Amino acid sequence: MLPTSPFWYDRPAHRWSDGMPLGNGRLGAMVWGPPHEQRFSLNEDTFWSGPPTSAPPAVPAVLLDGVRAHLRAGRHVAAGDLLTSAQGRGAEAFQPVGDLVLRTAEPGGGLVRELDLRAGVARQSAGGLRQEAVADTATGLLLIALHAERPGGLDAELCWRTPQLRHQIRSFGADGLALLLTAPSHVGDDADRRPVVQHGDGAMAAAALLRVRAADGDVTLDGSRLLLRGVTACTLLVDVRTGYAGYGRAPGSDPEQCLAQAAASIQAAWTRSWADLLAAHTAEHTALMDRVRLRLDGPPAADRRPLDIRLHASAVCEEQRDEQLAPLLFDFGRYLLLACSRPGTQAAHLQGLWNDSVTPPWHCDYTVNINTQMNYWPAESTALPECHQPLLDLVAELADAGRSVARDLYGSGGWTCHHNTDLWRATWPVGDGNDDPMWSHWPLAGAWLSLHLAEHWRYGRDADFLRERAWPVAAGAARFLLGILTEDAEGHLVTGPATSPENRFSTAEGPASVDLSTAMDLTLVRELFGFLTESADAAGAVADPRLLADIAAALPRLRPLGIGSRGELLEWHIERPETEPHHRHLSHLVGLYPGAALTDPRLRAAAKRSLELRGDEGTGWSTAWKIGLWARLRDGAAAHRLLGVMLRPATAGGGGVYPSLLCAHPPFQIDGNFGATAGIAEMLVQSHGDTLDLLPALPPAWPAGSAGGLRARGGVTVEHLTWSSSTLRSARLRAERPTTVRVTSPTSTPRTLRLPPGRPYDLTP
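Residue positions are counted from 1 within each chain, in the order its sequence is given. Reporting of local features is limited, given that this is a predicted model, to residues whose pLDDT is at least 70; pairs of side-chain atoms are given and counted only at 80 or more, and all residues count toward the totals for whole chains, interfaces and linings. Heavy atoms throughout the structure, all of them, feed into the side-chain values; hydrogens and water do not.

J.: Whenever I open this one, the environment of Thr242 confuses me. Can you help?
T.: Comment: elements are numbered from the N terminus, with helices defined as DSSP H or I runs of at least four residues and strands as E runs of at least two. Checked against the element boundaries, Thr242 lands in strand β18 (residues 233-242). Working definition: with a 1.4 Å probe on protein chains only, accessible area under 20% of the residue-type maximum means buried, over 50% means exposed, and in between means partly exposed. With a relative accessible area of 10%, Thr242 lands in the buried category. Polar contact is defined as a pair of N or O atoms within 3.5 Å, subject to the rule that within protein one atom must be able to donate a hydrogen and the other to accept it, and that residues adjacent in sequence are counted only when both atoms are side-chain atoms. Side chain to side chain, Thr242 and Thr46 meet in a polar contact 2.6 Å long. Engagement of the side chain of Thr242 in a polar contact is seen with the backbone nitrogen of Tyr244, the distance being 3.2 Å.

Structure, rendered in structure tokens:
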């Protein structure tokens, strides 16, 4: 088999993180392993530990008064210690289902495996056996085709392997093998942050089912294995179903019911040929991928080398950097978003849709102080707005679940969420009294998540969505903020107790993380209040006049952001020494990117200085954030430099990517992939208000190329964009409704255009 895409390898994936991810939003598989023992590691988006069996702790009504008293007296460590009493149980953990294992004889020929991003197909060829696999959206199934080109056909063994303790493997008719299992009732950490796994009643049930449809040869059962003998072609149909019944309800605990659902979905697709299934899947997937195109002019020869070889060679010598890796990384991010986030599914978590451990890093949960948000930065700008829907649904459910925490912990109206949540929509500060407030106590997640609803409206201008979903949810988050704002000694409004995730500062008593205000909190308050004010007329009757009046009164009283002695943007209430000057989080720069509130030239210069002081090194997702920040500062050379850091092969030191191109924290976190894709889009197109900036941060290393399909706020699509000699040559714009837009680029005179609805407008500088 000759590779048809640049995403290919001539060696096996011996580690799970080096595998090829497949997904249809609900059902995911990581394809890896040596060719004689292929593994399809399965995940289903609702298979989590839990549900929680204990409510957050009851806290005295005077708790916040005590914390604020400590802060006003300069007792920051004591304030943090007091806050730990408000911590509830930790978030639950996303769970692996197990591996479908395909064992064959050792192949004698060469290996080629590839991930066709455009078609959404994982392929492998070795020793006369061809393998194709897709996670199909229409049928909801993982579909695998095996084609034997060796004399006598294929002899193989299929079996299940799972890390779940409570499981059963049994036959399903003459051609099927079922895996019935139950998730842990709780996965957490003890006081020393060691994993704790508990099994009890009421936990999530699931069933995985494999059925084999062979064109010839024999398929027989041998205990807990399926044996294939003399098969020249067969299709494996796989599904996983769980007992999930909603975040506020106990899950079903009967694996038999889950098995019946899986059997029904497989039966519905049973009579369709592989050619028909593959053609339908490819057509749907390709249409979505083809909405956006990015091409950099340059030498194509490197495309024919295996991807892992290209990554290594590009990192060794900056002068010979492989620029074609950037469009591949961009495409991979869009592919991953399609794979792990579709309408009606759960939102993408720390590893998207994939996980191979019962006790995964950070529980594979939703870390909503940056990571979950970063997952969705490319959704609107790279033309996958329907993939944004699972996050928007999650936010709406958190708005419901977070009312009681806003009331009971803060005495406030509206709703809140802290830095972690899970399938069960936990909104309280997690940590069981053991965690540092620098990550546990940060109640501004609701505000930041609500801004994703704002962005969905700004890009699409869907008036019904604004009225029915975005404005009510954001208004609830704003009511919470108004309820917690308090005066500092200078009469400014602040959010204290406030933290800047996940950083700390030095005090005479030791490291502390709690202050009267932080730049991140104050920025998010301004961003959220600004959205509600901006959209009030379009929201019509749902826009609450009293809320808008309260916002108008509060905005000018918010504490101004400060600038420190080194010219940096201050992260905390006043200038404080950082315990980690090169900390991975850049929380205080949220108003520069992905936000837009940082418009004052002095503050933007201070943000740039902060970015310089933080340095280039960091975790994978931190590097991705820096790409976007430098792009927003219109520094294409710096953004390009950070792309080079992002594309380094991962090492134990931190950052980079695995041979699979998956982002390394390390370990694997998917947010860096999404952040990098969004950052590349930001280098090419930016839009705020009625201004559309074309090629605002084009790197000198990309002197010529083209892009198409990128979206701008206001319902405008940049259908085509070309440049050469680092100069804009042409652009084609299309607006969904009559739109007036001011178009700028670094190499042309700004002009104001009136775009007709639904018709292309060709712009030639």
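J.: Explain helix α3 (residues 255-269) to me, please; I cannot follow it from the model alone.
T.: Along an α-helix, residues three or four apart share an orientation, since each turn contains 3.6 residues. Residue count minus one, scaled by 1.5 Å, sets the expected span of a helix. The terminal C-alpha atoms of α3 lie 22 Å apart, and with 15 residues this matches the ideal 21 Å at 1.5 Å per residue to within 8%. Those residues of α3 not exposed but buried are Pro255, Cys258, Leu259, Ala262, Ala263, Ser265, Ile266 and Ala269. Looking straight down α3, one finds its buried side chains confined to an arc of 165°; they lie on one side. Those residues of α3 that are buried are in contact with β11 (167-172), β12 (176-182), β15 (205-214), β18 and α4 (274-289). Capping the start of α3 is the job of one residue whose side-chain oxygen sits 2.9 Å from the backbone nitrogen of Glu256: Asp254. The arc in question is the one spanned by the directions pointing from the helix axis to the C-beta atoms. The criterion used for residue contact is that any of the two residues' heavy atoms lie within 4.5 Å.

J.: Looking at this structure, I do not really get the sheet that holds β15. What am I missing?
T.: For sheets, the rule is that strands pair by backbone hydrogen bonds, running either parallel or antiparallel. Strands pair, by our definition, only if DSSP identifies at least two bridges between them. One open sheet holds the 9 strands; their spatial order is β1-β6-β7-β8-β9-β18-β15-β12-β11, and the pairing between them is antiparallel. The sheet terminates laterally at β1 (8-9) and β11, the two strands that pair on one side only. As defined by bridge partners, β1 adjoins strand β6 (residues 111-116) across 2 bridges and the pair is classed as antiparallel. The residue bridging Trp8 from the neighbouring strand is Glu114, located in β6. Packing of α4 onto the sheet brings it into contact with β7 (121-126), β8 (129-135), β9 (142-148), β15 and β18, and relative to β8 it is tilted by some 50°. Lines are fitted to the C-alpha atoms to define the axes, a helix being fitted only along its stretch in contact, and any angle between axes, read from their N-to-C directions, falls within 0 to 180 degrees.

J.: Would you mind showing me how to read the nonpolar core here?
T.: Within soluble globular proteins, side chains that are nonpolar tend to cluster in buried spots. In this structure, Leu661, Leu692 and Leu694 are the most contacted members of the largest nonpolar core, which totals 215 residues. Other than its neighbours up to four places away in sequence, Leu692 contacts Val685, Gln686, Ser687, Ala712, Val716, Val718, Leu733, Val741, Arg742, Val743 and Thr744. What we call a nonpolar core is a set of buried Ala, Val, Leu, Ile, Met, Phe, Trp, Tyr and Cys residues that are connected through their side-chain atoms within 4.5 Å. The next biggest cluster of nonpolar side chains, apart from the first, holds 22 residues, and it includes Leu141, Leu209, Leu237 and Leu259.

J.: So what exactly am I meant to see when it comes to the environment of Ala399 here?
T.: With respect to the helices and strands, the residue Ala399 is situated in helix α9 (residues 389-401). When its relative accessible area of 7% is taken as the criterion, Ala399 is described as buried. Sequence separation between Ala399 and Gly414 is 15 residues; the distance between their C-alpha atoms is 8.0 Å. Beyond its immediate stretch of four places on either side in the chain, Ala399 contacts Trp415 and Val473.

J.: Looking at this structure, I do not really get the state of the cysteines. What am I missing?
T.: The bond known as a disulfide is covalent and runs between the sulfur atoms of two cysteines. Criterion for a disulfide: a pair of cysteine sulfur atoms at a distance within 2.5 Å. Scanning the model with the defined rule gives 0 disulfides in all. For Cys663, which is in no disulfide, the shortest distance to another cysteine sulfur is to Cys340 and amounts to 13 Å.

J.: Explain the sheet that holds strand β26 (residues 685-688) here, please?
T.: Here we have 4 strands laid out as an open sheet, ordered β26-β27-β32-β33, and mixed in their pairing. With partners counted over all chains shown, the strands left at the sheet margins are β26 and β33 (748-755), one partner each. Adjacent strand axes in the sheet meet at a mean angle of 20°, parallel and antiparallel pairs treated alike. In this structure, β26 lies alongside strand β27 (residues 691-694), joined through 4 bridges in antiparallel fashion. If you follow Val685 over to β27, its bridge partner there is Leu694. Helix α19 (residues 671-684) rests against β26 and β27 of the sheet, and its axis sits at about 80° to β26.

J.: How should I be thinking about the pairing of strand β32 (residues 739-745) in this particular structure?
T.: On a regular strand, one side chain projects to one face of the sheet and the next to the other, so that they alternate. Burial of β32 is extensive: 5 of the 7 residues sit out of reach of the surface. Looking at chain direction, β27 and β32 are connected through 3 bridges and run parallel. Looking at β32, one finds that Leu692 is bridged to Val743. As defined by bridge partners, β32 adjoins β33 across 6 bridges and the pair is classed as antiparallel. Its bridge partner lying in β33, Thr739 is registered against Leu755. Connecting β32 to the next strand, β33, in antiparallel fashion are 2 residues.

J.: How do you make sense of the packing of aromatic side chains when you look at a structure like this?
T.: The way to describe two aromatic rings as a pair is by their centre distance and the angle between their planes. Whether two aromatic rings pair depends on their centres lying within 6.5 Å, for rings of Phe, Tyr and Trp, where Trp uses its six-membered ring; planes under 30 degrees apart make the pair stacked, over 60 edge-to-face, and the rest tilted. Enumeration over the complete set of coordinates arrives at 12 aromatic pairs. Seen in terms of ring centroids, Trp377 and Tyr593 are 5.1 Å apart; in terms of plane orientation they differ by 80°. Their pairing is edge-to-face. With Trp377 in helix α8 (residues 377-381) and Tyr593 in the loop between α15 (545-554) and α16 (601-614), this residue pair connects regions lying 216 residues apart in the sequence. You'll find Trp377 and Tyr593 in the same group, each marked buried. Members of the aromatic cluster, each reached through a chain of ring pairs, are Phe7, Tyr9, Phe332 and Tyr335. Here the guanidinium or amino end of Arg211 rests over the ring plane of Trp270, the centre of that ring lying 3.9 Å away. The positively charged end of Arg576 is found above the aromatic ring belonging to Phe505, 5.2 Å away from the centroid. Placement of a charge over a ring requires the Lys NZ or Arg CZ to be within 6 Å of the ring centre, with the centre-to-atom vector within 35 degrees of the ring normal.

J.: Teacher, can you tell me more about the side chain of Gln124 here?
T.: Structurally, the position occupied by Gln124 is in strand β7. Beyond its immediate sequence surroundings of up to four residues, Gln124 is in contact with Met1, Pro35, Gln38, Leu111, Val112, Arg113, Leu129, Arg130 and Gln131.

J.: How do you make sense of the environment of Ala477 when you look at a structure like this?
T.: With respect to the secondary-structure elements, Ala477 resides in helix α13 (residues 463-484). What makes Ala477 buried here is its relative accessible area of 2%. Sequence separation of Ala477 and Leu227 is 250 residues, and the distance between their C-alpha atoms is 56 Å. In contact with Ala477, other than residues within four places in its own chain, are Trp415, Gly446, Ala447, Ser450 and Leu528.

J.: Can you help me understand the pairing of strand β14 (residues 195-198) in this one?
T.: With 4 bridges connecting them, strand β13 (residues 186-189) and β14 associate as antiparallel partners. Bridging from a neighbouring strand, Asp189 pairs with Pro195 of β14. Between β13 and β14, which pair antiparallel in sequence order, lie 5 residues; one of them, Arg193, sits at a positive phi of approximately 65°.

J.: Looking at this structure, how should I read the side chain of His349?
T.: You can see His349 is positioned in the loop between α6 (325-340) and β20 (366-367). Owing to a relative accessible area of 3%, His349 belongs among the buried residues under this scheme. Aside from chain neighbours lying at most four places away, what touches His349 is Trp48, Phe94, Trp354, Cys364, Asp365, Tyr366, Asn375 and Ile670.

J.: I'm lost on the pattern of salt bridges in this one. Help?
T.: Think of it this way: side chains of opposite charge can pair up when their charged atoms draw near. By salt bridge we mean one thing: a side-chain nitrogen of Lys or Arg within 4 Å of a carboxyl oxygen of Asp or Glu. Taken as a whole, this structure holds 52 salt bridges when the rule is applied. Between Asp297 and Arg295 there is a salt bridge, with the nearest N and O atoms lying 2.1 Å from each other.

J.: Looking at this model, I keep getting lost on the packing of α9 against α13. Mind explaining?
T.: Helix-helix packing is characterised by the crossing angle of the two axes and by the distance between the axes. In contact at an axis separation of 10 Å, α9 and α13 are set at 55° when each is read in the N-to-C sense. As far as their axial angle goes, α13 and α9 are oblique. Seen along the crossing, α9 lies across α13 with a hand that is left-handed. Across the interface between the two elements, Gln389, Leu392, Asp393, Val395, Ala396 and Ala399 of α9 pack against Phe465, Arg469 and Val473 of α13. Tallied by class, the residues present in the contact of α9 with α13 amount to 6 nonpolar, 1 polar and 2 charged. With respect to orientation, any angle under 35 degrees is reported as roughly parallel, any angle over 145 as roughly antiparallel, any angle of 65 to 115 as roughly perpendicular, and every other angle as oblique. Crossing handedness is read from the near helix: turned anticlockwise from the far helix by less than a right angle, it gives a left-handed crossing, and turned clockwise, a right-handed one. The residue classification treats Ala, Val, Leu, Ile, Met, Phe, Trp, Tyr, Cys and Pro as nonpolar and Asp, Glu, Lys and Arg as charged. All others, Gly included, are polar.

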